[in-house]
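So the chains spell out like this:
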Amino acid sequence: RAGAPSTSSSTAPFTFVDKTLAGYYGFGTASDDNFVRVTLPANWGLGLLGQGSLLATQANSLTTSPTRRGHLVRTKLLCDVVPPPPPVIGQIPPPSAATTTRQRYEEQHAANASCKGCHAMMDEIGFALEHLDSAGRYREMENNFPINDAGIVTSTSSGDLKVAGAGELATALSKLPEATDCVSSYLGAYALGMSHESSTCLVATAATELRGGSSLLDFYLRMARSEHFRSRQ
């Protein structure tokens, strides 16, 4: 993981690394096992979407997965419902030095009428993260090919959002009210011990204040003062 996730903002331009992580990711100066705050290099992403910990868990062992990364954004940051896959699905072509990950996924998903509709919801988001490899490390090229990190977040409250790169993706998502509401519902679910669907109404006031510019600390305090948080039957 690339340090402890920042809770200050979905677009925080910093992370935390110790000596081992600084050496692994190639940025930051840390002399021991204590975590220090460092600025993320340009093009490495922002906030949670710049964290190696999150990016690695939504990738395959040796290659990225635009579908899995896009699915995470769709379901955990936007609270959209992605339809289940059909009973029989084709396999993604195996990695090859002759192609990029994007080309392999487009070959299987974008070119297949039965896959295209659902995968446009996910893959197009994941493509924006392609400069960050399966461990979240920045790469300029893949198999000696330039990486195309253009993506689209479709069907948002602001329409279809065209983005290029991890930074633009995080910035675009941070401006969507549905993203604030979705993350608020998951925070409420964790704090109140219920599903995120059930917590939505209980954190509505705190979520509205968060959309209006209050901090996450204010959000937590608002939740902690609520009757549902302080009382149990």
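Novice: Give me the state of the cysteines: which residues, what numbers.
Specialist: Counted by the stated rule, this structure contains one disulfide. Note that Cys 79 is cross-linked by a disulfide to Cys 182, the S-S spacing being 2.1 Å. On the sign convention where negative is left-handed, the bridge of Cys 79 and Cys 182, at about 80 degrees about the S-S bond, is right-handed. Placement of the pair is Cys 79 in the loop between α3 (66–77) and α4 (101–110) and Cys 182 in helix α7 (residues 177–192), with a sequence separation of 103 residues. Owing to a relative accessible area of 26%, Cys 79 belongs among the partly exposed residues under this scheme. Overall, the relative accessible area of 2% leaves Cys 182 in the buried class. With no disulfide partner, Cys 115 has as its closest neighbouring cysteine sulfur the one in Cys 118, 8.7 Å distant. Residue Cys 201 stays outside any disulfide, its sulfur separated by 15 Å from that of Cys 79, the closest cysteine. You can call Cys 201 exposed: its relative accessible area is 65%.

Novice: Could you give an account of the pattern of salt bridges, naming the residues involved and the relevant values?
Specialist: All told, the structure shown has eight salt bridges when counted by the stated rule. Close ionic contact of Arg 137 with Asp 133 constitutes a salt bridge, the shortest N to O distance being 3.5 Å. A residue is classified by how much of its surface remains accessible, and Asp 133, at 15% relative accessible area, is buried. Asp 181 is the salt-bridge partner of Arg 211, the closest N and O atoms lying 2.4 Å from each other. Residue Arg 211 is found in helix α9 (residues 204–211), and its partner Asp 181 is found in helix α7; the two are separated by 30 residues along the sequence. Put simply, Glu 130, Arg 139 and Glu 142 are held in one network by salt bridges that share partners.

Novice: Quick rundown of the environment of Ala 59? Include the residues and the values.
Specialist: Mapped onto the secondary structure, Ala 59 falls in the loop between α2 (52–57) and α3. A relative accessible area of 7% means that Ala 59 is categorised as buried. Remark: the alpha-carbon pair of Ala 59 and Ala 135, spanning 76 residues in sequence, is separated by 7.8 Å. Sequence-distant contacts of Ala 59, defined by excluding residues within four places in its chain, comprise Thr 64, Ser 65, Arg 68, Arg 69 and Ser 134.

Conventions used here
- Residues numbered from 1 in each chain as written.
- Predicted model: local features only at pLDDT ≥ 70, side-chain atom pairs only at ≥ 80, totals over all residues.
- Heavy atoms only, no water.
- Disulfide = S-S within 2.5 Å.
- Helix = DSSP H or I, 4+ residues; strand = E, 2+ residues; numbered from the N terminus.
- Buried < 20%, exposed > 50% of the residue type's maximum accessible area, 1.4 Å probe, protein only.
- Salt bridge = Lys/Arg side-chain N within 4 Å of Asp/Glu carboxyl O.
- Contact = heavy atoms within 4.5 Å.

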